[in-house]
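# Commentary on secondary and tertiary structure
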Amino acid sequence: MAPRPLVAGNWKMNGSRAALKELAAMAEGYDAALRAKVDLMICPPAPLVFLASAAALGSRIAIGGQTCHPESSGAFTGEVSAAMLADAGASAVIVGHSERRQYNRETDADVAARAKAAIAEGLTAIVCVGETQAEREAGKALAVVARQLGRSVPEGATPQTVIVAYEPVWAIGTGLTPTTDDVAEVHALIRKRLVSRHGRQAAGIRLLYGGSVKPANAKDLMGVADVDGALVGGASLKAADFLAIAAAFR
Ligand code: 13P
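Structural notes, computed from the coordinates. (Residues numbered from 1 in each chain as written. Predicted model: local features only at pLDDT ≥ 70, side-chain atom pairs only at ≥ 80, totals over all residues. Heavy atoms only, no water.)

Another aspect to go through is the pairing of strand 2 (residues 39–43). Within strand 2, four of the five residues are buried, which leaves the element mostly enclosed by the surrounding structure. Where strand 1 (residues 6–10) and strand 2 come together, five bridges link them in parallel fashion. Considered in strand 2, the bridge of L6 is made with D39. Pairing between strand 2 and strand 3 (residues 61–65): three bridges, direction parallel. Bridging across to strand 3, M41 finds its partner in A62. (Buried < 20%, exposed > 50% of the residue type's maximum accessible area, 1.4 Å probe, protein only. Helix = DSSP H or I, 4+ residues; strand = E, 2+ residues; numbered from the N terminus. Pairing = 2+ DSSP bridges.)

Encoded structure:
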């Protein structure tokens, strides 16, 4: 059975209490017909997680964090733990986003440690992988994704504990997207690797595509084999756009 689709929004370092009105509008537009077809999640910046969880109560829109520290507490000024996100109402957390890998120098091992911490707190770890433009041009996209996947996803991954997001770095925030054939090729590789390492249960792990997903391209991208949803950046900030992307699953 194909995994139930998920459209998740990564607000990155955007949003404010005022932006929670967009979340309210998403809840409003998430009608019974859409709820029957697709799960929705919003990952706001950490200071908004608690308020967003409260605002989303009863809407069935899940709330997630954008990263977490590997430790559950301690002298790590400025950091947020998986336990804190769970306590604030999150049910998932993104780990290993390319912006964290690039700007915070997170390695595959760092990402795996964060994913493990998230899972230990009962959160679903949304593990991000994806090649840079130079890596794609050098014909290394599949090798890079396979390496990141193998080293960033912890042992024993299940559909409850792990979601994988394929986000080609060059497609993030650029308006560029891979061809549907390229997406299919990478997602097939991810599925194959997950099943061979984690067993048959891994067939149910949700594989999201991310990178310039918009209402105009959502239907094509979401129709690709082994694409079980989207991880949306810019277009998740506005309810109308986010709901229009989710509508690809109507
Ligand atoms: P954009 O949708 O803005 O390209 O961002 C994608 C992304 O990085 C989601 O995590």
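Here we come to the site of the ligand. In the neighbourhood of the ligand, 13 residues make up the surrounding shell, with K12, H97, E167, G173 and S212 lying closest. Within the side chain of H97, one N or O atom sits 2.7 Å away from an oxygen atom of the ligand. Between the ligand and the protein, one listed contact pairs an oxygen atom with a backbone N or O atom of G173 at 2.6 Å. In isolation the ligand offers 300 Å² of accessible surface; the protein chains occlude 97% of this area. Classifying every residue of the shell around the ligand gives four nonpolar, seven polar and two charged. (Near = heavy atom within 4 Å. Polar contact = N/O pair within 3.5 Å; in protein donor to acceptor, adjacent residues only side chain to side chain. Areas by Shrake-Rupley, 256 points an atom, 1.4 Å probe, with all protein chains shown as cover. Nonpolar A, V, L, I, M, F, W, Y, C, P; charged D, E, K, R; others polar.)

Spatial strand order, 1-2-3-4-5-6-7-8: eight strands in a closed barrel with parallel pairing. Within this sheet the neighbouring strands show an average axis-to-axis angle of 25°, counted without direction. Packing of helix 9 (residues 180–198) onto the sheet brings it into contact with strand 5 (124–129), strand 6 (162–166) and strand 7 (206–210), and relative to strand 7 it is tilted by some 150°. (Axes fitted to C-alpha atoms, helices over the stretch in contact; angles between N-to-C directions. Contact = heavy atoms within 4.5 Å.)

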